Protein chains: 2
Amino acid sequence: MLLLKLDEKNRKPQYQQILEQIRQKIEEQILLPGEKLPSTRRLADQLAIHRSTVATAYQELWSLGFVDISPGACPRVRDRAQIATSANRTDTGLVDWNEIASPATNAVWQTYLFQPETSLPSNSSCINFSGVDIDYRLFPLDNFRVCLSRAVRQQGPSILGYGHRTGFLPLREFIAHHLKSHGISVTTDEILITNGLQHGIDLVFRMLAAPGKTVALESPTYKEMIPLLRFCGLTPLEIPIRENGMDLALLAEVLQKERPALVYTMPNFQNPTGISTSQTHREQLLSLCERYRVPVLEDGFEEEMKYFGKVMLPIKSMDKHHLVIYCGTFSKVLFPGVRIGWVVAEKQCIERLTAIRRFSELSSSMILQAAIHEFCQNGHYDRHISTMHRVFRKRMQAAIQALHQYIAPEWADWSEPSGGYLVWLKLKPLTNPPDWESVLVAHGVQALPGNYFFFSETSENYLRLSISKLNEEEITEGIKRLANALQTIYTGE
Amino acid sequence: MLLLKLDEKNRKPQYQQILEQIRQKIEEQILLPGEKLPSTRRLADQLAIHRSTVATAYQELWSLGFVDISPGACPRVRDRAQIATSANRTDTGLVDWNEIASPATNAVWQTYLFQPETSLPSNSSCINFSGVDIDYRLFPLDNFRVCLSRAVRQQGPSILGYGHRTGFLPLREFIAHHLKSHGISVTTDEILITNGLQHGIDLVFRMLAAPGKTVALESPTYKEMIPLLRFCGLTPLEIPIRENGMDLALLAEVLQKERPALVYTMPNFQNPTGISTSQTHREQLLSLCERYRVPVLEDGFEEEMKYFGKVMLPIKSMDKHHLVIYCGTFSKVLFPGVRIGWVVAEKQCIERLTAIRRFSELSSSMILQAAIHEFCQNGHYDRHISTMHRVFRKRMQAAIQALHQYIAPEWADWSEPSGGYLVWLKLKPLTNPPDWESVLVAHGVQALPGNYFFFSETSENYLRLSISKLNEEEITEGIKRLANALQTIYTGE
């Protein structure tokens, strides 16, 4: 017989006391799975309470999984499912995620696993020319921290809510204003703030994605681009890049024959080649796309980083017919950690991108957008750009000088960029090219071999040097080490 | 004849002086499009400088788009593309974005345009039961601001860089630790931090997406879910939700016949019905999915908000065979503005989701993750949950009391939730149901009609009341107004 005791002085309701006592007896295995509890009538009589109180307790015990209830019968103690712990969890799962995931996902996952950042040894004594992330030492941390705190205080609690779907309005106003200095004149509803530039590109690709669609782009190109295109179900059409930019004769042919859904281009300091196209090239590319009515996706990832010669205006600045989707970012001149970029396009296009963003993640954080706006509004952004120009003008000069001094013309060629962080070394042909990554690491230096940026086979050997996170001393020493590595390979010494 | 003057005292290089003077003449239309410039030899002779200096200036003029150069001929002034300004931009673009965008994008865009938040009039005198965003007045702004500032200072500049791809490690450690209190025991590499919960769902859908795949889910459900599913190319299989949760007999049938790629469920305070399933229901659902080896996507969006009765453990807590993908968020108990959620799943699954995130937006912001970690680490999170329970226990009691007091049983039924923010009113049948949104607004109250949550036709009428942003007084007054609206419709008074 089930012995329960109600305590009148206890502030807990009676049903709760019954529930807890039965629960305890089940957990202590005084009541065993399969055992019957008394009927609501019997237990109510026994405790001199109303039947509905017992029924409530039983209902809750059922809901918590301690008893089974079937109509007309007394409740029975259940064999409750155990909590999964590291001890009782199986090592291998019931499903193979390779089968659950789509082939496109598995392909992108394979690419991810073999990304240089994951496959390269992390060696702190190496001088690292690999990534295009900026030297932490240049981050204006203190100014940003003050702006962050001030923005949160000024905006008040609403800044912690869901924000405007196309982004913090004052920041869009700042971007619209700032773009004027690059010849782009747009309204705030032609701007969508994104989680960095790549997020903008993903939104554009998702907007287009449909079976059979193609996208024309430079080859070599940013190494994330082709995996992303393919993941989105789009087919890349690679147009070789020449000394002056994408081969326009080939592009014209492709536009006519293949009718791609989009032309993707990086007119400034193209990644990985560092090439900036001329005004004429930009005009011709736009006019070709106008002729075939194919939108242009212009990647202005380092728009601000022209520090030699005059600023070249983006293609978007000449876009009278709303054909260009322009993407920008704070990551490559300020810092990437706020994850703030923007897409600028005709309102009809922005609305569609916003709808995709809405359903895929509701909205982006207003906190960091308000902080960056505060930062820009106070002139810190313009001052930081000046600093970056001054610093990287010197660093790039040091790189060019070291290349001239240490790298023999029998080993490699390169062209001098007019800004940005990249130098693209064309290595002289070798009958048996080595595994460049290991050779370099053995000499205390890291850089990305060209094959990361080509998606079709190429017999040419390149190295991409990024000076984005190195100072002059490190650059010079790094190029010396690179020279040693090249010497070993080319002269066998 | 072109008259140029070199100034020896000018610190600018000679090629720059030539460039600027020619450029000025072109801009002032002294030199007109089509006009020839002197050959490099002639201009060099004339200025008594080296030919290569002139060639450099010409090259730069070409690059800036001021001249055309063809081999063997003198440069000619170009008809330079004008900057697109609001004055010379065409009103309509060259392309129709409806044709550029995929049908799936246009569908999601249409849904977006007719979302209640965009279509409802914003009326500040209305009492708003529409959204599930939390009362700003409860946001722990000051504590968060201190943690934000402290986190940025403690972490130093690296916090402004690209972060770890699966999220800030100390935050993943906190989440792993916190999930233990919900019976879930996982390691940090089974956790991926996302931009809010919906981003996690989007990643899971993108991982699965392949032609012909289906997803089983409750009907009615969260109104963003089916548009997102369809946008991702997945077909929804709607399983009606009964008083106790998803109809498991129907689910079993669907699992057997349709073999969906996934079962999506919200076991706690289901949106929109407010229903929480019992332990038994959870066990049965899991065991069904185990039998058919179909992964479960468990949406724990309000896991913390059980404030009546005992906490019910999530399905993931019983998942011995790594079948459950669990999504959580800070948005529905703390605030949504940090855009931080998490996905918990077997490592093989997390790696694939991480790869998709990697290519679609590189990484998420570490700044806010570090701030939230600081906030949690200092006990603010646990204290905030207690406050929320205390506040919403009272608010929900006020809502239930007002419903009993003002809403006649001839107008509507409802069930009492055990937590969360939602009450689901089932309205009594009407021969000519009115446009509920207008009727309510006319009575100074807003709530979402049930049809937003059903994707197949239904003849039943519901209203979803969310108390998430209202205090007791507002709730009581709002329900009074609702009662007036119902009275008008049901009694014609």
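Quantities reported herein were computed from a predicted structural model and do not represent experimental measurements.

Observations regarding the overall build of chain A
- Per the secondary structure count, chain A includes 17 helices and 16 strands.
- Seen through its principal axes, chain A has C-alpha atoms that stretch 100 × 55 × 50 Å.
- Expressed as a percentage of the 493 residues in chain A, the buried residues total 50%.
- Contacts in chain A between residues at least 24 apart in sequence constitute 73% of all its contacts with a sequence separation of at least 6.

Overview of the pairing of strand 9 (residues 296–299) of chain B
Residue and element names in this part refer to chain B.
- Side-chain alternation along strand 9 places V296 and E298 on one buried face and L297 and D299 on a second face that is also buried.
- Here strand 8 (residues 262–265) pairs with strand 9 via three bridges, running parallel. Residue pairing across strands places T265 opposite E298, the latter belonging to strand 9.
- In this region the chain leaves strand 8, passes through helix 12 (residues 279–292) and returns to the parallel neighbour strand 9; the handedness of that crossover is right-handed.
- Bridge count between strand 9 and strand 10 (residues 324–329): four bridges; the pairing is parallel. Within strand 10, the residue paired with V296 across the bridge is V324.

Digging into helix 13 (residues 347–361) of chain A
All names here are of chain A.
- Given a rise of 1.5 Å per residue, 15 residues ought to cover 21 Å, and the 20 Å separating the end C-alpha atoms of helix 13 matches this to within 8%.
- The buried count for helix 13 comes to 12 of 15 residues, which makes it a mostly enclosed element.
- The set of residues buried in helix 13 consists of C349, I350, R352, L353, T354, A355, I356, R357, R358, F359, S360 and E361.
- In the segment just after helix 13, L362 is the residue with positive phi, at about 65°.

What to know about the pairing of strand 16 (residues 461–466) of chain A
All names here are of chain A.
- Counted residue by residue, strand 16 has five buried out of six residues, so it is predominantly covered.
- As judged from the six bridges shared by strand 13 (residues 422–427) and strand 16, these two strands associate in the antiparallel manner. For W424, the partnering residue across the bridge sits in strand 16 and is R464.

What about the domain arrangement of chain A?
- Splitting chain A by domain gives domain 1 (14–77), domain 2 (122–135 + 383–491) and domain 3 (141–378).
- A C-alpha centroid distance of 63 Å is found between domain 1 of chain A and domain 3 of chain A.

What to know about the nonpolar core
- Membership of the largest hydrophobic core comes to 259 residues, with the highest contact counts inside it found for L208, V343 and A371 of chain A together with L208, V343 and A371 of chain B.
- Not counting residues within four places of it along the chain, the set of residues in contact with V343 of chain A comprises L192, T194, G200, L203, I325, C327, I350 and L353 of chain A.

Focus on the relation of the copies chain A and chain B
- Superposition record for chain A on chain B: RMSD 0.1 Å, screw rotation 180°, translation along axis 0.1 Å. The transformation relating the two chain copies, once decomposed into turn and shift, fits a two-fold axis. Residues of chain A ranked by C-alpha distance from the rotation axis are headed by S149 of chain A, positioned 3.2 Å from it.
- Looking at chain A, 100% of its interface residues are interface residues in chain B too, so the copies touch through the same face.

Cut-offs and rules
- Residues numbered from 1 in each chain as written.
- Chains lettered and ligands numbered in written order.
- Predicted model: local features only at pLDDT ≥ 70, side-chain atom pairs only at ≥ 80, totals over all residues.
- Helix = DSSP H or I, 4+ residues; strand = E, 2+ residues; numbered from the N terminus.
- Buried ≥ 20, exposed ≤ 12 C-beta atoms within 10 Å, placed from the backbone.
- Contact = placed C-beta atoms within 7 Å.
- Pairing = 2+ DSSP bridges.
- Right-handed = clockwise from strand over helix to strand, strands pointing away.
- Expected span 1.5 Å × (residues − 1).
- Domains from an automatic or database assignment.
- Core = buried A, V, L, I, M, F, W, Y, C linked by C-beta atoms within 7 Å.
- Least-squares fit on C-alpha atoms with pLDDT ≥ 70 in both.

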